[in-house]
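Each chain is listed here by its residues.
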Amino acid sequence: MKRCCPNPNCNREPSLLNSSGCLSPRSRLIIRKGSYYRSRDRRFITKYLCKNCGRHFSSGTLSPDFRQKKRDLNHVVVQLFSSGVSQRRMARLLQVNPKTIARKFRIMAARARAEHRLRLNELAQSPISEIQFDDLETFEHTKCKPLSVTLAVNKKTREILGFQVSRMPASGRLAEISRRKYGYRKDERPKGWDLLFRTLNPLVHAGSILESDQNPHYPKFIKRHLKNVGHITHPGARGAITGQGELKKLVFDPLFALNHTCAMLRANLNRLFRRTWCTTKKPEGLIDHLSIYLRYHNTVLIRP
Ligand SMILES: [Zn+2]
């Protein structure tokens, strides 16, 4: 990987390439050509020259962190984003510009999504027998513009398998105010359920069990994308304490894995806190934040 010419126009004789499509070091066409000191992470970086095309490059050229100035912060930024810290406080704690944090937010989210796609391919090899799913409600900018997060988790391990963020119209007392101020708001949840159940399709086998609450819309979407799976519904329950909608006041909560995961989202994503002033401004931001948290949850928090 390190000694692979990054020039896409470099002439690549098949006889010179190794199994990963790189110029083989044995071809003697890629030679070491000095080094430089990268002060940010105190490392010497080796430089190379491709004698095939004349391009210089280094072991940093092909790194996913290429051209990032504060690459050493990537890891801690992911931890803080999954620990309820706001972007501005993060910038203050790490002594960087808030714009740096905002950029890293996008980069780390894209990376987390790519890693999760690989994980889903891995999971497809050994399908899951019990999955729980439900919708969690939040909003963009104002409570008059609600968003719905549909979440699916593995019942046994509490691993988050996927989520979809969809716009939905306000209900109850806010419905009238919302229509007056912001006009008609389309319900995009059917599209979200469609997409989520499609991604779950390779993860289940005939005889898998899906569990959810008694939302009357779910059966139609399950039937459309998941063949031969069972669907068990449970009646809704009251929250354990005021403001704790997720942890139920039941001795035995049949949807515990899912409700516990939702409670963790509420505790660890500052924009999902109850009574917070960190709010989602655009659905894309919520999607990115959930992507980062999903990876951290699955790889760190639920691992013993
Ligand atoms: Zn080359």
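Computed from a predicted model, the values in this text were never measured in an experiment.

A. The arrangement of the sheet that holds strand β7 (residues 204-213) in detail. Spatially, the 5 strands line up as an open sheet ordered β6-β5-β4-β7-β8, and their pairing is mixed. In this open sheet, the two edge strands, each paired with only one partner strand, are β6 (160-167) and β8 (230-234). Within this sheet the neighbouring strands show an average axis-to-axis angle of 20 degrees, counted without direction. Pairing of strand β5 (residues 146-154) with β6, which is carried by 7 bridges, proceeds in the antiparallel orientation. Its bridge partner being in β6, valine 149 is matched across the sheet by valine 165. Sheet strands in contact with helix α5 (residues 189-200) are β4 (128-139), β5, β6 and β7, and its direction is about 165 degrees off that of β6. On top of the sheet, helix α8 (residues 283-301) reaches β4, β5 and β6; it is set at about 170 degrees to β6, its chief contact.

B. Structural view of the packing of helix α1 (residues 74-81) against α8. α8 packs onto α1 with a crossing angle of 100 degrees between their chain directions and a minimal axis gap of 9 Å. In terms of orientation, α1 lies roughly perpendicular with respect to α8. Between α1, through Val78, Gln79 and Phe81, and α8, the contact on the second element is made entirely by His289, Ile292 and Tyr296.

C. Seen up close, the environment of arginine 266. You can see arginine 266 is positioned in helix α7 (residues 256-268). Each C-alpha atom, one on arginine 266 and one on glutamate 246, is 8.7 Å from the other, the two residues being 20 residues apart in sequence. A distance of 3.3 Å separates a polar side-chain atom of arginine 266 from the backbone oxygen of leucine 272.

D. Structural view of the coordination of the zinc ion. Every protein donor of the zinc ion is accounted for by Cys5 (SG), Cys10 (SG), Cys50 (SG) and Cys53 (SG), and the metal-donor separations fall at 2.3 Å. Given 4 donor atoms and angles of 105 to 115 degrees at the metal, the environment of the zinc ion is assigned as tetrahedral. Along the chain, the residues donating to the zinc ion fall in the pattern C-x4-C-x39-C-x2-C. Note that cysteine 5 is positioned in the segment before β1 (30-38) and cysteine 50 in strand β2 (residues 43-50), a separation of 45 residues in sequence. Here the two residues cysteine 5 and cysteine 50 agree in accessibility, since each one is buried.

E. Local environment of the pattern of salt bridges. Scanning the entire structure with this criterion turns up 18 salt bridges. Between aspartate 41 and arginine 38 there is a salt bridge, with its nearest N and O atoms 2.7 Å apart. On the accessibility criterion, aspartate 41 (23% relative accessible area) is partly exposed. Judged by its relative accessible area of 12%, arginine 38 falls in the buried class.

F. Structural context of the sheet that holds strand β3 (residues 56-58). Here 3 strands make up an open sheet; going across it, the order is β1-β2-β3 and the pairing antiparallel. The open sheet has two edge strands, β1 and β3, and neither has a second partner. Across the sheet, the mean angle separating the axes of adjacent strands is 30 degrees when strand polarity is ignored. Summarising the sheet, β1 and β2 pair through 7 bridges and their orientation is antiparallel. Across the sheet, tyrosine 37 pairs through a bridge with phenylalanine 44, a residue of β2.

What counts as what
Each chain carries its own residue numbering, running from 1 in the written order of its sequence. Where totals are concerned, whole chains, interfaces and linings use all residues; where local detail is concerned, this predicted model gives features only for residues with pLDDT of at least 70, and gives and counts side-chain atom pairs only at 80 or more. As a convention, hydrogens and water are excluded, and side-chain values are obtained from all of the structure's heavy atoms. Strand pairing is assigned whenever DSSP detects at least two bridges linking the two strands. Segments assigned H or I by DSSP are reported as helices when at least four residues long, segments assigned E as strands when at least two residues long, and all are numbered from the N terminus. Think of each axis as a best-fit line through the C-alpha atoms, taken over the contacting stretch in the case of a helix, with angles from 0 to 180 degrees between the N-to-C directions. A contact between two residues is defined here by any heavy atoms of the two lying within 4.5 Å. Oblique is the label for every angle not falling under 35 degrees (roughly parallel), over 145 degrees (roughly antiparallel), or within 65 to 115 degrees (roughly perpendicular). We define a polar contact as two N or O atoms separated by no more than 3.5 Å, with the added condition that, inside protein, one atom must be a possible hydrogen donor and the other a possible acceptor, whereas residues neighbouring each other in sequence contribute only through side-chain atom pairs. Each metal site lists N, O and S donors within 2.8 Å (3.2 Å for Na, K and Ca). With water left out of the atoms, a site can look as if it is missing ligands. Any coordination sphere not matching a tetrahedral pattern (four donors, all angles between 85 and 135 degrees) or a square planar or octahedral pattern (four or six donors, opposite donors over 155 degrees apart, other angles between 65 and 115) is reported as irregular. The classification of residues rests on relative accessible area computed with a 1.4 Å probe and restricted to protein chains. Under 20% of the type maximum is buried, over 50% is exposed, and intermediate values are partly exposed. Here, a salt bridge means any Lys or Arg side-chain nitrogen found within 4 Å of an Asp or Glu carboxyl oxygen.

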